[in-house]
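# Tertiary structure, described
In case you want the letters, here they are:
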Amino acid sequence: MSELQPVRGTRDLIGEDHRRHLHVIDTARRVAARYGLEEWATPIFEDTRVFSRSLGDTSDVVMKEMYSFTDRGGDSLTLRPEGTAGVCRALVTNGLTQSLPQKVFYAGPMFRYERPQKGRYRQFHQIGAEVIGPAEPLADAEIIACGWDILQALGIADDVVLEVNTLGDRESRDAYRAALVDYFTAHQAGLSEDSLLRLERNPLRILDSKDEADRRIIADAPDIHAHLTPEAAAFYDRLKSYLAGFGVPFVDNPRIVRGLDYYGHTAFEFVTTRLGAQGTVMAGGRYDGLVAEMGGPPTPAVGWAAGIERLSMLLTEVPAAPRPVAVVPVGEAAEATALAVLQSLRRAGIRAEMAYRGNMKRRLERANRIGARAVIILGETELARGVAQVKDFSTGTQQEVLLAELIAKLQ
RNA sequence: GCGGGCGUAGCUCAGAUGGUAGAGCGCCAGGUUGUGGUCUUGGAUGUCGCGGGUUCGAGUCCCGUCGCUCGCCCCA
């Protein structure tokens, strides 16, 4: 075992791991484009205030999980823990609040200082989608439909259930929070220690406690729907009918919550039972207050993010490693022709390789090791006649092909 | 920050009650000086995570430590 190991919570993406990872991004990118999303790439580190503002002062626990550092100029910078804040900052700094709506897709690394566990790393990767501008629930439904299509294109939709909820507007939320505090205070005696703490700090979070005793109490907890203003209830109804219109199956889950104040109305999660404790595969909601936090005008927005590592683990069909054609010259005299053949294949769009050294046997062994689908053997007897031996590695059969017909033969 | 499991060859792992370390796969070489994969013969693997202790003797027992992993907390 070598002395230098990857830093805790990071890992190398090599071979199949990387093919899975790329497949997720490529697929998501392709589907997102069909919805008219444009891909943005924002910096992976930002002024710490970009994130501290978006989090508010309520969650200093979360602040402790940020990778923050002071640079040589004395500024506090932070490796981005999520993508939405940076996108909103970019929207404002590029003056795009004047050209709404903006429909954005992104993919890239995120960083959180937390204890690694299944599907959870300190450097992890997300894809994300945001629609900034529209206040209509049609935008919520559309971005959810986009996420659903991506999961389908990845072949994992069968293992995933879409759960939706509404957090209502400000008025609804305040009323609901008060009702929850009343209810849980009345049932304090049965609550777990953790939930008693949550009751003081963040009562909504009790709703997703994993403690069994808690769950029994939660089952009879007040429902947000009883506390929705007529406007908020209408918004949620329209969302659900649009989802039906887009053909996206979903279930109501009134227990989905969000911790931060700028979240309102739609909240949703795509969940699976196949990943142990990390069941959420894609999650999002409406965040009408965030752009204003970044110094822009009040601007409604809705979006989601998904962890690429988790999606990769769910893939059942792994993209196959590419199979090249190997060119095998026999003897020095054949090398010049071999190079010409090699390049003509590559320029015709065929993945082609030639070993740097070795006799024929070695080169064939190497061709086999790299998964070649065929080898082109060029020796003196072939050169003299302007042909090559083409051996199909799947079947083991070999035939003579005119050099001029090689590309057509291997296309 | 807290709890459970695990650290032995490149990989997956076996090594009852302490006696100087093994298998499969992979790798290297030969059988085959113009034919891979299959077959066959042979070969090389190692600070048994690290440090200390007990013992005539520790991969094995004890203490500590680091790492991995699953979960709790947290989840923007």
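Details of the structure are given in the entry above.
Described in the following lines is the structure provided in the data block.

What counts and what doesn't
Residues numbered from 1 in each chain as written. Chains lettered and ligands numbered in written order. Predicted model: local features only at pLDDT ≥ 70, side-chain atom pairs only at ≥ 80, totals over all residues. Heavy atoms only, no water. Axes fitted to C-alpha atoms, helices over the stretch in contact; angles between N-to-C directions. Helix = DSSP H or I, 4+ residues; strand = E, 2+ residues; numbered from the N terminus. Parallel < 35°, antiparallel > 145°, perpendicular 65-115°, else oblique. Left-handed = near helix turned anticlockwise from the far one by under 90°. Contact = heavy atoms within 4.5 Å. Nonpolar A, V, L, I, M, F, W, Y, C, P; charged D, E, K, R; others polar. Expected span 1.5 Å × (residues − 1). Buried < 20%, exposed > 50% of the residue type's maximum accessible area, 1.4 Å probe, protein only. Near = heavy atom within 4 Å. Polar contact = N/O pair within 3.5 Å; in protein donor to acceptor, adjacent residues only side chain to side chain. Patch = residues over 30% accessible without salt bridge, like charges linked within 9 Å, V, L, I, M, F, W, Y side chains within 5 Å. Areas by Shrake-Rupley, 256 points an atom, 1.4 Å probe, with all protein chains shown as cover. Salt bridge = Lys/Arg side-chain N within 4 Å of Asp/Glu carboxyl O. Pairing = 2+ DSSP bridges. Lys, Arg positive; Asp, Glu negative; His and termini not counted. Charge placed at Lys NZ, Arg CZ, Asp CG, Glu CD.

## What to know about the packing of helix α1 (residues 16-34) against helix α5 (residues 137-153)
- α5 packs onto α1 with a crossing angle of 140° between their chain directions and a minimal axis gap of 9 Å. Between α1 and α5, the angle falls in the class oblique. Every pair of crossing elements has a handedness; the one defined by α1 and α5 is right-handed. Here α1 contributes T27, A28, R30, V31 and A32 to the contact with α5, which in turn contributes C146, D149, I150 and A153.
- Across the contact of α1 with α5, the residue classes break down as 6 nonpolar, 1 polar and 2 charged.

## Brief notes about α5
- Taking 1.5 Å per residue, 17 residues should reach 24 Å; α5 reaches 24 Å between its end C-alpha atoms and fits that length.
- Of all 17 residues in α5, 12 are buried, a share of seventy percent or more.
- All of the buried residues along α5 are P137, A139, D140, A141, I143, I144, A145, C146, G147, W148, I150 and L151.
- One or two positions beyond α5, positive phi appears at G155, with a value near 80°.

## Points about the protein's contact with RNA strand B
- Residues in close proximity to RNA strand B total 38 residues, the closest being R8, R198, R205, R362 and T381.
- Of all RNA strand B atoms lying within 4 Å of any protein atom, the proportion belonging to sugar or phosphate reaches 53%.
- Interatomic distance of 2.4 Å between a side-chain N/O atom of R198 and a phosphate oxygen of RNA strand B.
- Elements with a minimum of two residues in the surface near RNA strand B: α7 (193-201), α13 (360-369), α14 (380-385) and β15 (387-392).
- Here the surface near RNA strand B takes 7 residues from α13, the largest share from any one element.
- Along the lines of polarity and charge, the residues of the surface near RNA strand B split into 11 nonpolar, 8 polar and 19 charged.

## Quick notes on a nonpolar patch on the surface
- A contiguous nonpolar surface patch, about 250 Å² in accessible area, is contributed by I44, F45 and F69.
- Given a relative accessible area of 35%, F69 falls into the partly exposed group.

## Quick notes on the sheet that holds strand β9 (residues 264-271)
- Reading across the sheet, the 8 strands line up as β1-β5-β6-β11-β10-β9-β7-β8 and stay open at both edges, with mixed pairing between neighbours. Of all strands in the sheet, those bounded by a partner on one side alone are β1 (38-39) and β8 (251-252).
- As defined by bridge partners, β1 adjoins strand β5 (residues 102-111) across 2 bridges and the pair is classed as parallel. Opposite E39, over in β5, you have F105 as the bridge partner.

## Considering a negative patch on the surface
- A grouping of E193, D194, D211 and E212 is seen on the molecular surface, where their side chains present a negatively charged patch.
- Using a relative accessible area of 52% as the deciding quantity, one classes D194 as exposed.

## Considering the packing of helix α2 (residues 48-55) against helix α4 (residues 84-93)
- At their nearest, the axes of α2 and α4 sit 10 Å apart, and the two run at 110° to each other. Classed by the angle they form, the pair α2 and α4 counts as roughly perpendicular. Contacts from V50, F51 and S54 of α2 reach α4 at A85, G86 and R89.
- In the contact of α2 with α4, the residues fall into 3 nonpolar, 2 polar and 1 charged.

## A closer look at the environment of T42
- The topology assignment puts T42 in the loop between β1 and β2 (45-47).
- Exposure remark for T42: the relative accessible area of 17% places this residue in the buried category.
- Residues T42 and G108, spaced 66 residues apart in sequence, show a C-alpha to C-alpha distance of 9.3 Å.
- Not counting the four nearest positions on each side in its chain, T42 is found in contact with R80, G86, V87 and A90.

## Examining the side chain of D214
- Relative to the helices and strands, D214 resides in helix α8 (residues 212-219).
- R198 provides the closest opposite charge to the buried, unpaired D214, separated from it by 4.3 Å.
- With residues up to four places along the chain from it excluded, the contact list for D214 reads G190, L191, S192, S195, R198 and S209.

## A word on the environment of L383
- Counting through the fold element by element, L383 comes out in helix α14.
- Judged by relative accessible area, which is 25%, L383 ranks as partly exposed.
- Sequence separation between L383 and A338 is 45 residues; the distance between their C-alpha atoms is 9.9 Å.
- Excluding residues within four positions of it along the chain, L383 makes contact with A333, A334 and T337.

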